[in-house]
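Report on the structure
Read off the chains here:
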Amino acid sequence: MSRCITSRRPEWFGLRATAYPSRRPFFTSGSCNRTKSGRDGENGSGHSSGGQQTHESPWPKVEWTWIPASLGFACISILALRRSLDRHERNRARAERTATIYNGIEIDSWKTRLAMVYPYRTMSRVWGWLTALYLPVWMRRPVLGVYTRLYECNLEEAERGSDLTQYHSLLEFFSRHIKPELRPISDDYPIVSPCDGTVAHVAKVDRHGNVEQVKGISYPVHALFGPGIAPVTDGTAKDTAVGKATANGACCAGERHLYQFIVYLSPGDYHHFHSPAVWSVQHRRHFSGELLPVAPLFFNRVAGLMALNERVVLTGKWHHGFFSMVAVGAYNVGSMKVIFDKVLENVCQ
């Protein structure tokens, strides 16, 4: 007597699949055909009795049918679209969780986050302490000479001349005065440059209160000025200075608009700023923020950079309406003084 274990699986694509052995053995005599097992104690023997019986497969048979190719492509397209929408929704939810508000600016760019990792403010304090140290006479020419050549400072315009030994520290050289006759104020124009720098960008504030920092990067102007004097965004005037000026995109009346122009001071420039027009200062605000670099490398990439940095905001009026002047700090330049405000001079030390 021989023993064989077999089982049956359904046929797929015309081929018989190899199956795992059945858990229940079947006893046969001299063959591997499946038979019904006998019961011990019946007919006085342990052999099975009766004829062979075939067991049906418990698995249903799979039948394949043809469908149009257009219907298949439509199904695939729908599944791909659904997956894309789900991925977009997950990314949007992740961006909402990671976005933070700092000084009115929504920080959701990795460039801005990366720029704020380095401790610029702490390093600026250390640099300010070093530049204020007294330099012996024998050290002034080597130290100040390196700074002059590195940033191409024009010593011929300096009020003290080209003699570097007259500056007692690097900070004193950095905040040097120039000869007054070199920058005459024009009487032909109602507004002039407030400082000896380079115009970085000129833009108009739109009716929604946004202003372009550089091409492709905008930020809300209320983040720069602070609450209370920011332009409204619903097109209706409120009882605020800039709100009246920018309602419906116009400044006060007619076709006047509110503009912003940015002047960049390089490390070698004359670092004093003056009144650019005949106007009256009505409000002064000091915002203690970051001290990120304002060099073109950062200015062209970090959105709302001026609203993130420490700054002094002066607002008032001139004969055309609203007027404002903002002095923005930068890396290694965090101390700002206004000659008519002694309180601010003590705060910004």
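The residue numbering used here restarts from 1 in each chain and proceeds along that chain's sequence as written. Only residues with pLDDT of at least 70 get local features here, since the model is predicted, and only at 80 or more are side-chain atom pairs given and counted; chain-wide, interface and lining totals rely on the full set of residues. The basis for the side-chain values is all heavy atoms of the structure; hydrogens and waters are excluded.

**Looking at the pattern of salt bridges**
- A pairing counts as a salt bridge when a side-chain nitrogen of Lys or Arg comes within 4 Å of a carboxyl oxygen of Asp or Glu. Under the defined criterion, the tally for this structure stands at six salt bridges.
- Note that arginine 141 and aspartate 163 form a salt bridge whose closest N and O atoms lie 3.3 Å from each other. With arginine 141 in helix α4 (residues 137-151) and aspartate 163 in the loop between α4 and α5 (170-174), the pair connects residues that are 22 residues apart, well separated along the chain.
- For aspartate 163, a relative accessible area of 27% corresponds to the partly exposed category.
- The salt bridge involving arginine 284 is made with aspartate 341; its shortest N-O contact spans 2.6 Å. Secondary structure elements are defined from DSSP: runs of H or I of at least 4 residues count as helices, runs of E of at least 2 residues count as strands, and each element is numbered from the N terminus. Summary of the burial criterion: residues with accessible area below 20% of their type's maximum are buried, those above 50% are exposed, and those between are partly exposed, where the area comes from a 1.4 Å probe applied to protein chains only.

**Let's talk about the packing of aromatic side chains**
- Here is the rule: rings of Phe, Tyr and Trp (six-membered ring for Trp) pair when centre to centre is within 6.5 Å. Planes less than 30 degrees apart are stacked, more than 60 are edge-to-face, and the remainder are tilted. Following the criterion strictly, the structure yields nine aromatic pairs and no others.
- Taken together, a centroid distance of 6.0 Å and an interplanar angle of 90° make the contact between tyrosine 147 and phenylalanine 173 edge-to-face. Note that tyrosine 147 is positioned in helix α4 and phenylalanine 173 in helix α5, a separation of 26 residues in sequence. Comparing tyrosine 147 with phenylalanine 173, the two get one shared label, buried.
- By way of ring pairs, the aromatic residues Tyr118, Tyr120, Phe298 and Tyr331 are connected into one cluster.
- Two conditions define a charge sitting above a ring: the NZ of Lys or the CZ of Arg must be within 6 Å of the ring centre, and it must be within 35 degrees of the ring normal. For arginine 176, the ring lying beneath its charged end belongs to phenylalanine 173, and the centroid distance is 4.7 Å.

**Remarks on α4**
- Each residue after the first adds 1.5 Å to the expected span of a helix. Under the 1.5 Å per step criterion, the end-to-end length of α4 is 22 Å for 15 residues, consistent within 8% with the ideal 21 Å.
- Among the residues making up α4, those that are buried are Arg140, Leu144, Gly145, Tyr147 and Thr148.
- As for α4, its buried residues are in contact with α5.
- Glutamate 152, located one to two residues past α4, shows a positive phi value of around 55°. The contact criterion used throughout is that any non-hydrogen atoms of two residues lie within 4.5 Å.

**Some details on the side chain of histidine 201**
- Mapped onto the fold, histidine 201 is located in strand β7 (residues 198-204).
- Under this definition, polar contacts are N or O atom pairs within 3.5 Å; protein pairs additionally need one hydrogen-donor-capable and one acceptor-capable atom, and for neighbouring residues in sequence, both atoms have to be side-chain atoms. In this structure the side chain of histidine 201 is engaged in a polar contact, spanning 3.1 Å, whose partner is the side chain of glutamate 212.
- Beyond its immediate chain neighbours, meaning those up to four positions away, histidine 201 contacts Glu212, Gln213, Val214, Lys215, Gln260, Phe261 and Ile262.

**A look at the layout of surface pockets**
- A cavity here means a set of points on a 1 Å grid, drawn over the protein atoms and nothing else, where a 1.4 Å probe fits but cannot get out; a pocket is an open set with protein on both sides within 12 Å along at least five of seven lines, and a residue lines either one if it has an atom within 4 Å of a point. Grid points are joined across faces, edges and corners, and a volume is the space filled by probe spheres set on the points. In this model, the second largest pocket occupies a volume close to 430 Å³.
- If you trace the second largest pocket, you find 17 residues lining it, with Arg183, Ile185, Ser193, Pro194 and His274 closest to the centre.

**A look at the side chain of arginine 311**
- Summarising the element assignment, arginine 311 is placed in strand β12 (residues 311-318).
- Counting rule for charge: Lys and Arg are taken as positive, Asp and Glu as negative, and neither His nor the chain ends is counted. Although arginine 311 is buried, it forms no salt bridge, and the closest oppositely charged side chain is glutamate 310 at an N-O distance of 9.0 Å.
- Among the polar contacts made by the side chain of arginine 311, one reaches the main-chain carbonyl oxygen of leucine 224 at a distance of 3.0 Å.

**Thoughts on the pairing of strand β9 (residues 217-220)**
- Burial of the side chains of β9 is restricted to one face: Ile217 and Tyr219 are buried, whereas none of Ser218 and Pro220 on the reverse face is.
- Counting the residues that bridge the hairpin from strand β8 (residues 210-214) to β9 gives two residues, and of these glycine 216 lies at a positive phi of roughly 95°. DSSP-based pairing: two strands are paired if at least 2 bridges between them are found.

**Some thoughts on the sheet that holds strand β11 (residues 280-287)**
- One open sheet holds the three strands; their spatial order is β11-β12-β13, and the pairing between them is antiparallel. The outermost strands of the open sheet, each flanked by one partner alone, are β11 and β13 (321-328). The sheet shows a mean angle of 20° between the axes of neighbouring strands, direction not considered. Helix axes are fitted only over the stretch in contact, all axes being lines through C-alpha atoms; the angle between N-to-C directions runs from 0 to 180 degrees.

**Some points on the nonpolar core**
- Val211, Phe225, Phe298, Phe299, Val302, Leu305 and Met306 are the most contacted members of the largest nonpolar core, which totals 23 residues.
- With residues up to four places along the chain from it excluded, the contact list for leucine 305 reads Gln213, Leu292, Pro293, Val294, Phe298 and Phe299.
- The definition of a nonpolar core used throughout is a set of buried Ala, Val, Leu, Ile, Met, Phe, Trp, Tyr and Cys residues joined through side-chain atoms within 4.5 Å. Counting residues in hydrophobic clusters, the runner-up holds 11 residues, among them Tyr147, Ala158, Leu164 and Phe173.

**Here's the deal with the environment of glycine 145**
- Here glycine 145 lies in helix α4.
- Under the relative-accessibility criterion, glycine 145 is labelled buried at 6%.
- Residues glycine 145 and leucine 164, spaced 19 residues apart in sequence, show a C-alpha to C-alpha distance of 7.6 Å.
- Here glycine 145 is in contact with Arg140 and Leu164, once residues within four sequence places are set aside.

**A closer look at helix α3 (residues 120-131)**
- With 12 residues, α3 extends 16 Å between its outermost C-alpha atoms, agreeing within 8% with the 16 Å of an ideal straight helix rising 1.5 Å per residue.
- For α3, the set of buried residues is Tyr120, Ser124 and Thr131. End-on, the buried residues of α3 take up no more than an arc of 40°, which puts them together on one face. Turned more than 90 degrees away from the buried face of α3, the exposed residues are Arg125 and Trp129.
- Looking at the buried residues of α3, the elements they touch are α2 (110-115), α5 and α8 (296-299). Here, the arc refers to the directions that run from the helix axis to the C-beta atoms.

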